[in-house]
Amino acid sequence: MSIQFGPEYVRAIAPYQGGKPIAEVAREFNLDEAKIIKLASNENPLGMPESAKLAMQAAVADIGRYPDSNGFELKAAITAKYDVPAEWITLGNGSNDILELATHAFVQPGQAAMYSEYSFLVYALATQAVGARAIVVSAKDFGHDLPAMLAAVTDDTRLIFIANPNNPTGTFIPAAELEAFLQAVPPQIVVVLDEAYNEYLPPECQYESIAWVRQYPNLLVSRTMSKAYGLAGLRIGFGIAQPAITDLLNRIRQPFNVNSLAQAAAVAALNDKPFLQKSAEVNAAGYLQLTAAFDALKLIYVPSFGNFVMVKVGEDDGAGARVNLALLKQGIIVRPVGNYGLPQWLRITIGLPHENAAFIAALKSLLG
Ligand SMILES: *Cc1c(COP(=O)(O)O)cnc(C)c1O
C-alpha cells in the first residue's frame, strides 16, 4: 500500500475548479484563441484600467527589490477612500488570501465555520484546509437565509462567511437585514462580509459596511480588485476590520504576500473613478442584454446584483454540463455550477455587447 501523506481533512479537499483558461479551450477544442469568448470568471470585460497599467509599468523598474511588506502607499489610498486607519487594513494576494487568513486565524481544527448553501466555494475550501467543521445552512431563494444561519450557530462556531452580493447566484441582502444579523450574532464570532461585487451595486442598494466595522469589532469586510477594478491577474484584495482582528491576520500572512506591481496598480485603480463608472455602466447594459434574451427564450434566471447571471438551461441534471460542452465547442466559455449543487444552471459573466451577443446566438441555436 502506498503511503498517504497529510491529515484526512486535507486529503478530502476537492480541488477548486476555476473558469477554463482561453488557451486550454483552444488546445482542447482545436479553436483559434483570438476567437474564443470567456464569460466564465467574473472578470472585467474592459480589462485593466489604463491608469493601473501605467502605474504598473513604472513600478517594473524596481522589480528587483522586495515589495513594501506593509503596503504603505496602497493602505494610504484605502485610508483616503474609506476613511479607516491604516491599522485596520490587511492586504491580500487576492481577497481569497483574506478569506483563508481568516480561517487560519480564527478557527481551530474541530471548531466550526458557517456559510450558506450556494455561496462561494472558497469558504468550503478554506474551512476544510484548517480541519474545521462546516455548518452549511440551506439557501432561501438561492440566497442567504440569515435567520436560519443565526439559529444554526453552535457553541463552537468561530467564523461566519457572508457574500453580498453572492457568487454564483447573484443574490443580494439588503442593508437592514444584514445589520440586524450583525446585531444578533454572538460577539465572539467573526463575521466575514465578502463584498467582491460591491462596486456593481446600484445606488439604491449601496450601504456603508465600513461604518459597521467601526461599530462591530467582530466584523471583517473583504474587498477585491479582481472584479470591477479589472486586476484579477495581479491578485490583490484587502480586508478592513478593527485591530483585534487585523493584528492577527497580519501576523499570519506571508510578509510579502502582495507583489509590488499589484500594489502600484491598485493605488491607481482605486482612484480611477471614471473606469469604475464605465465598468458599472457596461455591466448594467450587459445585464439587460442577457436577461432580455433569457426572457425571450423563456429561460429562468436568478436576478443578479453582480457582474454575472445564473440561468437555468434545462430540467435534467445533465443540462448544465451538456449545454456547457456545446458552448465550449463553439468557443464560448461560461461556468457550469454543478459543483455548487446546481447542475441545471450555468453562470454567465456579463461581457462586452458583442461577447454577450455571441453567447446569446449560440444559446439560441442550442435551445431555441
Ligand atoms: C471573485 C470573488 C472573490 C475574489 O477573489 P480574488 O481572490 O480577490 O480574486 C471573492 N469572493 C467572491 C464571492 C468572489 O466571487
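Residues numbered from 1 in each chain as written. Predicted model: local features only at pLDDT ≥ 70, side-chain atom pairs only at ≥ 80, totals over all residues. Heavy atoms only, no water.

**Quick word on the sheet that holds strand E8 (residues 237–240)**
Strand pairing within a sheet occurs via backbone hydrogen bonds; the two strands may be parallel or antiparallel.
So, point 1. With mixed pairing, 7 strands are arranged side by side in an open sheet as E2-E8-E7-E6-E5-E3-E4. Looking at which strands have only one partner, the edges of the open sheet turn out to be strand E2 (89–92) and strand E4 (133–137). Ignoring which end each strand starts from, the neighbouring axes of this sheet average 20° apart.
So, point 2. Looking at chain direction, strand E5 (residues 157–163) and strand E6 (residues 190–194) are connected through 5 bridges and run parallel. Counterpart to Ala163 in the pairing with E6 is Asp194. (Pairing = 2+ DSSP bridges. Helix = DSSP H or I, 4+ residues; strand = E, 2+ residues; numbered from the N terminus. Axes fitted to C-alpha atoms, helices over the stretch in contact; angles between N-to-C directions.)

**Considerations on the environment of Leu99**
So, point 1. Note that Leu99 resides in helix H5 (residues 95–106).
So, point 2. When the C-alpha positions of Leu99 and Gly239 are compared, they lie 8.9 Å apart, and in sequence the two are 140 residues distant.
So, point 3. Excluding residues within four positions of it along the chain, Leu99 makes contact with Phe120, Val122, Tyr123, Ala126, Phe161, Val192, Asp194 and Ser222. (Contact = heavy atoms within 4.5 Å.)

**Details of the environment of Asp97**
So, point 1. Note on placement: Asp97 falls in helix H5.
So, point 2. Each C-alpha atom of the pair Asp97 and Phe238 lies 8.6 Å from the other, and the pair is 141 residues apart in sequence.
So, point 3. Not counting residues up to four positions away in its chain, the partners in contact with Asp97 are Gly92 and Asn257.

**Brief notes about the site of the ligand**
So, point 1. Contacts to the ligand come from Gly94, Ser95, Asn96, Phe120, Asn167, Asp194, Ala196, Tyr197, Thr224, Ser226, Lys227 and Arg235.
So, point 2. Contacts to the ligand include Ser95, whose backbone N or O atom sits 2.6 Å from an oxygen atom.
So, point 3. Within the contact set of the ligand, a nitrogen atom lies 2.6 Å away from a side-chain nitrogen or oxygen of Asp194.
So, point 4. Within the complex, 94% of the 390 Å² of free accessible area of the ligand lies under protein.
So, point 5. Of all the cavities here, the one that holds the ligand is the second largest pocket.
So, point 6. Its residues placed into classes, the shell around the ligand shows 3 nonpolar, 6 polar and 3 charged. (Near = heavy atom within 4 Å. Polar contact = N/O pair within 3.5 Å; in protein donor to acceptor, adjacent residues only side chain to side chain. Areas by Shrake-Rupley, 256 points an atom, 1.4 Å probe, with all protein chains shown as cover. 1 Å grid on protein atoms, 1.4 Å probe; cavity = no way out; pocket = protein on both sides within 12 Å on 5 of 7 lines; lining within 4 Å. Sits in = over half its atoms within 2 Å of the grid points. Nonpolar A, V, L, I, M, F, W, Y, C, P; charged D, E, K, R; others polar.)

**Some thoughts on the UniProt feature "domain: Aminotransferase class I/classII large" (unreviewed entry) in the protein**
So, point 1. On the UniProt side, "domain: Aminotransferase class I/classII large" (unreviewed entry) is annotated at positions that read residues 35–357 here.
So, point 2. End C-alpha to end C-alpha, residues 35–357 measures 14 Å, and it is 39% helix and 17% strand. (UniProt positions renumbered as here; feature names shortened; annotations may be inferred.)

**Observations regarding the packing of aromatic side chains**
So, point 1. All chains considered together, the criterion is met by 13 aromatic pairs.
So, point 2. Members of the aromatic cluster, joined through ring pairs, are Tyr115, Phe120, Tyr123 and Phe161.
So, point 3. Above the plane of the ring of Phe308 lies Arg347, whose end atom (NZ or CZ) is 5.7 Å from the centre. (Phe/Tyr/Trp six-rings, centres within 6.5 Å; stacked < 30°, edge-to-face > 60°. Lys NZ or Arg CZ within 6 Å of the ring centre and 35° of its normal.)

**Notes on unusual backbone geometry**
Glycine aside, residues mostly have negative phi angles, and peptide bonds mostly take the trans form.
So, point 1. Here the bond from Asn164 into Pro165 is cis, since omega is -10°, no more than 30 degrees from zero.
So, point 2. With respect to the helices, strands and loops of the structure, Pro165 is situated in the loop between E5 and helix H8 (175–184).
So, point 3. Residues Asn167 and Pro168 are joined by a peptide bond in cis, for which omega reads 15°.
So, point 4. Note on placement: Pro168 falls in the loop between E5 and H8.
So, point 5. Phi at Asn42 is positive, roughly 55°, even though this residue is not glycine.
So, point 6. Mapped onto the elements of the fold, Asn42 is located in the loop between strand E1 (37–38) and helix H3 (50–59).
So, point 7. Positive phi, normally seen in glycine, also occurs at Arg235, with a value near 65°.
So, point 8. Within the element layout of this structure, Arg235 appears in the loop between strand E7 (219–224) and E8.
So, point 9. What makes Arg235 partly exposed here is its relative accessible area of 29%. (Buried < 20%, exposed > 50% of the residue type's maximum accessible area, 1.4 Å probe, protein only.)

**With respect to helix H14 (residues 353–367)**
So, point 1. Here H14 contains 15 residues, and its C-alpha end-to-end distance of 21 Å stays within 8% of the 21 Å for a straight helix at 1.5 Å per residue.
So, point 2. Here H14 has its buried residues at Glu355, Asn356, Phe359, Ile360, Ala362 and Leu363. For H14, the arc enclosing every buried residue in end-on projection is 165°, short of the 170-degree limit, so these residues lie on one face. Within H14, the exposed residues directed more than 90 degrees away from the buried face are Pro353, His354 and Ser365.
So, point 3. Here the buried face of H14 lies against E1, helix H12 (273–296), helix H13 (319–329), strand E11 (332–333) and strand E13 (345–349). (Expected span 1.5 Å × (residues − 1). Arc of directions from axis to C-beta.)

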